[in-house]
Amino acid sequence: MLMALGLLAAVLMWGPGVGRAYAAEASPAGDVLSIGDPAAPGQIDLYLDPLCPYSGKMVREQGAEIGRRIETGKLHINLRLVNFLEKYSASGTYDSRAIYAAFIVADHSKSSDITWRFIEQIFAADQQPKEEGPTDLSNDQLAGLADRAGAPSSAQDMIKLGLPIPFDGHAIAANNLPLLRQLPDSGVPMVVIDGESVDGNSDWLDRLPR
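Reference entry: report on the structure contained in this document. The written sequence of each chain sets the order in which its residues are numbered from 1. Side-chain atom pairs in this predicted model are given and counted only at pLDDT of 80 or more, local residue features only at pLDDT of at least 70, and totals for whole chains, interfaces and linings cover all residues. Neither water nor hydrogens contribute to the side-chain values; these are computed over all heavy atoms in the structure.

**Re the sheet that holds strand E5 (residues 190-193)**
Two pairing modes exist for strands in a sheet, parallel and antiparallel, and in both the strands are linked by backbone hydrogen bonds. Stated formally: The criterion for strand pairing is that DSSP finds at least two bridges linking the strands in question. In this description a helix means any DSSP run of H or I spanning at least four residues, a strand means any run of E spanning at least two, and both kinds are numbered starting from the N terminus. In this analysis, axes come from line fits to C-alpha atoms, helices being fitted only over the stretch in contact, and the angle between any two N-to-C directions falls in the range 0 to 180 degrees. In this description, contact between two residues means that some pair of their heavy atoms is separated by no more than 4.5 Å.
Pairing within the open sheet is mixed, and its 6 strands lie in the order E1-E2-E4-E3-E5-E6. Only two strands of the sheet have a single partner each, and these edge strands are strand E1 (26-29) and strand E6 (196-199). Taken pair by pair, the neighbouring strands of this sheet meet at an average axis angle of 25°, ignoring direction. Both strand E2 (residues 32-35) and strand E4 (residues 75-81) contribute to a ladder of 3 bridges, which runs antiparallel. Paired with Ile 35 across the bridge in E4 is Ile 77. Here helix H2 (residues 53-71) sits on the sheet in contact with E2, strand E3 (42-48), E4 and E5, set at roughly 150° to E4. On the sheet, helix H4 (residues 112-122) packs against E1, E2, E3 and E4 and is oriented at approximately 120° with respect to E2.

**Quick notes on the pattern of salt bridges**
To keep it simple, the criterion reads: The rule for a salt bridge is simple: a side-chain nitrogen of Lys or Arg has to be within 4 Å of a carboxyl oxygen of Asp or Glu. To sort residues, take the accessible area from a 1.4 Å probe on protein chains only and compare it with the maximum for the residue type: under 20% means buried, over 50% means exposed, and anything in between is partly exposed.
Counted according to the given criterion, the structure contains 7 salt bridges. A salt bridge links Arg 80 to Asp 45; the shortest N-O distance between them is 3.9 Å. Linking Arg 80 in strand E4 with Asp 45 in strand E3, this pair joins segments that are 35 residues apart in sequence. Residue classification places Arg 80 among the buried residues on the basis of a relative accessible area of 17%. The closest approach of N and O atoms between Glu 61 and Lys 57, which form a salt bridge, is 3.2 Å. Taken together, the positions of Glu 61 and Lys 57, both in helix H2 and 4 residues apart, correspond to about one turn of that helix. Overall, Glu 61 belongs to the exposed group, its relative accessible area being 55%. With relative accessibility at 34%, the residue Lys 57 sits in the partly exposed group.

Here it is as structure tokens:
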């Protein structure tokens, strides 16, 4: 109990950047994770659901190239995470907890590289839970993936604790869903380039600077 109170106090005292990291590195801003250089020549909005197998397919097949373009300053992503499959997770809360963990990793690491590596971890074939599967990832397991991605221990501690402060994964997803549903096709993964939505499992990367 004392440890939980101490961690909560640390979050509340995080400083003027509460709920927001810094732009060129990784910026939790409102309901979006800003990953990469905001001035990059390639600009996309990306919608993913942590439980969605097609989102997982996209990240597994294209994640390394996306990461390379982030690292070289060629790509900036406004990542909008949603949770419409959450009811099919074993815990009933998996999407919201994974979204919370991603925001905590970005906020504490202030690193686009670490944040994208964490996204790759939660969608890895040996980690991503199955729809209506018997189990999903616990908070401790999500913290372990944050550790593997290089997130600081402060992020891992917060993920284990799982309090929706200063980010509420369920609220973030609920705010992103209406934006996704305004698109002509509201499935995920979805990439939006210059206002045009395209299937994330298409060749959309070929349309952007390398």
